[in-house]
Amino acid sequence: MSTSPAAQALRIPRALPRAAARAALAPLARAVTYTRWLHLLTGAVVAAVCGLVYPGLFGVRPVQLLWLPVLPVVPLVAVAMVPATRLAEGLQARLLLAPGKHARHGRGDLAPRIAAAPSASRGDRARTALWLVLRLEAGCLMTLLSVQLPGLTGALVTAAAGGTPTPVLGVRITGHHGWYALLAPLPLAALMALVVAAGNVMTAAATRLLGPSAAERLAALEERTERLLEHNRLARELHDSIGHALTVAVVQAGAARAAGTREFTDRALAAIEETGRHALEDLERVLRLLREDGARGPADRPGLADAERLLESARAAGSALDARVTGPLEELPGPVSREGYRILQEALTNVLRHAGPVPVAVRVAVAPGTGALRLDVRNPLPDRADGPGGLGGPGVGAGRGTGLRGIRERAALLGGEAEAGPYEGEWRLRVTLPPNRPARAGDR
């Protein structure tokens, strides 16, 4: 059944009050509204403690109570000079003011915008002092309203029932009128509106006064950048290790099928098993580091001292390998040795993937005196290009191969250089890594 345009026009205005009512009542269904109210009330605790000393909390004139939000200011400023005060206030603000997932708040989690760290500068201490004073004054005002506005509701109900209410907020309700009962909910509604508004204001103030300083934001950005770089390095290592294992497995399986002898098939399966085992070890190590959120464990990463297993894997895949290693590899810095291992792994993987089991000449040398590492890998050019990125193809020479790009990136990060391309009828990869890169803590 269709609805006439006139009926639809009447339905829209009727829906507006319901939507407005839901929007107005929505904050009352959020847990964060009441945790912020609690945070506001606790701001008056210091004033109450000082009020026990002077002027007292009982039997005093209302004018004397005006000292309560004034007397604690100097002690609070002094406390703000203690660095740990900012840490304590930041943690409390995160817990009570910043809405988390439980709060069903539309603006998301504000906790990261409130620092939880000790004061590190004069500016931090000054902002902490301003925050404590603001919290004191807001707490005193909200505590007063939280007591007096419900009292005003009670006075209106008492007057409507014919009783004699006591004065509230300096106002005496006179007369006995039944319509006072209609006004009784208004003070409570005003109180809840003030609680929501004050909570929002205090949260905004916390992000300003307790938010991270410029130095803290820079440190957090550097930490995040370092973590992203670490994850990128782990992904590159995983690509190299798994790619090498799969390439060896494919080449070995193809060679075993072509040979058709039991002896060769047994050797191929043994090589596939050994290469797969090493790849699984690398996979487990990378996953463990990722689960630990970027925690570094360079000591268990393979270096050039373990290069023999790469050479044996290439030999098992059918390559006639001529390898020569000279110089003290054990004296290489940890980053140079580990990146050199990955570069050699990617170079041998490229040979097997794009040229097959061809003769390969590998030279690994540590220059005497300077300690620079030189890697040289050569193999015959294949008869055909394997397309863009294939060894010997035009894409490689242009630098579009993923593996060669990774090799160049590794070399550049260590201040070295990598060259790849045809040379004297062969394909040659030459990499030079200097030893003088400043190692970070834990690199060894």
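Nothing here was measured: the structure is a model prediction, and the numbers come from that model.

Regarding the pattern of salt bridges
Okay, step 1: Under the criterion given, the structure shown has nine salt bridges.
Okay, step 2: For R378, the salt bridge is made with D376, and the minimal N-O distance between the two is 3.0 Å.
Okay, step 3: By relative accessible area, R378 is classed as partly exposed at 22%.
Okay, step 4: Residue class for D376 comes out buried when judged on its relative accessible area of 14%.
Okay, step 5: A salt bridge links R430 to E419; the shortest N-O distance between them is 2.8 Å. In this pair, R430 is assigned in strand β5 (residues 426–433) and E419 in strand β4 (residues 417–423), connecting sequence segments eleven residues apart.
Okay, step 6: Taking the relative accessible area as the measure of exposure, E419 reaches 36% and is therefore partly exposed.

What about a nonpolar patch on the surface?
Okay, step 1: A surface patch of nonpolar side chains, about 620 Å² in accessible area, is lined by L52, V53, Y54, W67, V70 and L71.
Okay, step 2: Here V53 lies in helix α3 (residues 45–53).

Some remarks on helix α12 (residues 334–354)
Okay, step 1: Relative to the 30 Å expected for 21 residues at 1.5 Å per residue, α12 spans 30 Å between its end C-alpha atoms, a close match to the ideal helical length.
Okay, step 2: Judged by how many residues are buried, α12 sits mostly within the fold: 20 of 21 residues are covered.
Okay, step 3: Where α12 ends, the next residue or the one after it, G356, has phi of about 85 degrees, a positive value.

Considerations on the UniProt feature "transmembrane region" (unreviewed entry) in the protein chain
Okay, step 1: Residues annotated by UniProt as "transmembrane region" (unreviewed entry) correspond here to residues 37–58, 64–84 and 179–201.
Okay, step 2: Secondary structure over residues 64–84 splits into 48% helix and 0% strand, and the C-alpha atoms at its two ends are 33 Å apart.
Okay, step 3: Strand forms 0% of residues 179–201 and helix 91%; the C-alpha atoms that close the span are 35 Å apart.

Here's the deal with the environment of A317
Okay, step 1: In this fold, A317 is placed in the loop between α11 (307–316) and β1 (321–326).
Okay, step 2: For the pair formed by A317 and L352, sequence separation is 35 residues and the distance between their alpha carbons is 8.0 Å.
Okay, step 3: Apart from the residues lying within four places of it in its own chain, the contact partners of A317 are V248, V251, Q252, L352 and P357.

Section: the packing of helix α2 (residues 31–42) against helix α5 (residues 83–96)
Okay, step 1: Contact geometry of α2 with α5 gives a least axis separation of 8 Å together with a crossing angle of 145 degrees. The residues of α5 that touch α2, namely those facing V32, T35, R36, L38, H39 and T42, are Q92, A93 and L96.

Parameters and conventions
- Residues numbered from 1 in each chain as written.
- Predicted model: local features only at pLDDT ≥ 70, side-chain atom pairs only at ≥ 80, totals over all residues.
- Heavy atoms only, no water.
- Salt bridge = Lys/Arg side-chain N within 4 Å of Asp/Glu carboxyl O.
- Buried < 20%, exposed > 50% of the residue type's maximum accessible area, 1.4 Å probe, protein only.
- Helix = DSSP H or I, 4+ residues; strand = E, 2+ residues; numbered from the N terminus.
- Patch = residues over 30% accessible without salt bridge, like charges linked within 9 Å, V, L, I, M, F, W, Y side chains within 5 Å.
- Areas by Shrake-Rupley, 256 points an atom, 1.4 Å probe, with all protein chains shown as cover.
- Expected span 1.5 Å × (residues − 1).
- UniProt positions renumbered as here; feature names shortened; annotations may be inferred.
- Contact = heavy atoms within 4.5 Å.
- Axes fitted to C-alpha atoms, helices over the stretch in contact; angles between N-to-C directions.

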